[in-house]
Amino acid sequence: RRQYNTSAAMNKIVAAISLDRVALAAVTLASTLTIGEAYTRTSLVDADSAKEARYPPLSSIITEAHVRELEENDLVVIHNVLSATTLKHVRENIEKL
């Protein structure tokens, strides 16, 4: 009959398990659980329609003249893209910096 030294066996197991492997397993498990939870809580019924979710077409904002100016000068100013309120808030925040 053979006897095993359990503490020596445990030491071998602990030595084989590195902190990197434990961290990798923990991150993988946490990521999988998070994605799984998001999947189970999300319903396609909640999603916006494609028409509601789309951005306004850039062609109404950026013209051929803008593209030419950018190509020629490496800089273009596009007027009336931001509202006056947005500009006001941006300027206030820049002044704070």
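Being a predicted model, the structure only gives us computed values, none of them experimental.

1. Re the overall build of the chain
Then, in step 1: Assigned secondary structure in the chain consists of five helices and zero strands.
Then, in step 2: For the chain, the α and β elements follow one another from N to C terminus as α-α-α-α-α.
Then, in step 3: When the 97 residues of the chain are sorted by exposure, 1% land in the buried category.
Then, in step 4: Summing over all exposed atoms, the chain offers an accessible surface of approximately 9,800 Å²; the carbon and sulfur share of this is 60%.

2. Examining the pattern of salt bridges
Then, in step 1: Taken as a whole and assessed by the stated rule, the structure comprises one salt bridge.
Then, in step 2: With a shortest N-O distance of 3.0 Å, Glu37 and Arg41 are connected by a salt bridge. Taken together, the residues span about one helical turn, with Glu37 and Arg41 both in helix α2 (residues 19-41) at a distance of four residues.

3. Topic: a negative patch on the surface
Then, in step 1: Judged by side-chain charge, Glu64, Glu69, Glu71 and Glu72 come together as a negatively charged surface patch.
Then, in step 2: Mapped onto the fold, Glu69 is located in helix α4 (residues 64-73).
Then, in step 3: A relative accessible area of 32% places Glu69 in the partly exposed class.

4. A short note on unusual backbone geometry
Then, in step 1: Positive phi, close to 60 degrees, is recorded for Asp74, a residue that is not glycine.
Then, in step 2: Relative to the helices and strands, Asp74 is located in the loop between α4 and α5 (84-96).
Then, in step 3: The class of Asp74 is exposed, set by a relative accessible area of 67%.
Then, in step 4: Phi at Asn80 is positive, roughly 65 degrees, even though this residue is not glycine.
Then, in step 5: Note on placement: Asn80 falls in the loop between α4 and α5.
Then, in step 6: Classification of Asn80 by relative accessible area gives exposed; the value is 77%.

5. Topic: the confidence of the model for the chain
Then, in step 1: Averaged over the chain, the pLDDT score is 81; the fraction of residues at 70 or greater is 86%.
Then, in step 2: The element-level mean pLDDT for the chain is lowest in helix α3 (residues 50-53), coming to 70, with α4 highest at 90.

6. Some remarks on α2
Then, in step 1: With 23 residues, α2 should reach 33 Å at 1.5 Å per residue; the first-to-last C-alpha distance of 33 Å fits that figure.
Then, in step 2: Here α2 lies mainly on the outside; zero of its 23 residues are buried.

7. Considerations on a nonpolar patch on the surface
Then, in step 1: Taken together, the side chains of Met10, Ile13, Ile17, Leu19 and Val22 define a hydrophobic patch exposed on the protein surface, amounting to about 510 Å² of accessible area.
Then, in step 2: Counting only elements with at least two residues in the nonpolar patch, the list comes to α1 (6-16) and α2.
Then, in step 3: In this structure, Ile17 sits in the loop between α1 and α2.

The rules behind the values
Residues numbered from 1 in each chain as written. Predicted model: local features only at pLDDT ≥ 70, side-chain atom pairs only at ≥ 80, totals over all residues. Heavy atoms only, no water. Helix = DSSP H or I, 4+ residues; strand = E, 2+ residues; numbered from the N terminus. Buried < 20%, exposed > 50% of the residue type's maximum accessible area, 1.4 Å probe, protein only. Areas by Shrake-Rupley, 256 points an atom, 1.4 Å probe, with all protein chains shown as cover. Salt bridge = Lys/Arg side-chain N within 4 Å of Asp/Glu carboxyl O. Patch = residues over 30% accessible without salt bridge, like charges linked within 9 Å, V, L, I, M, F, W, Y side chains within 5 Å. Lys, Arg positive; Asp, Glu negative; His and termini not counted. Charge placed at Lys NZ, Arg CZ, Asp CG, Glu CD. pLDDT = per-residue confidence, 0-100. Expected span 1.5 Å × (residues − 1).

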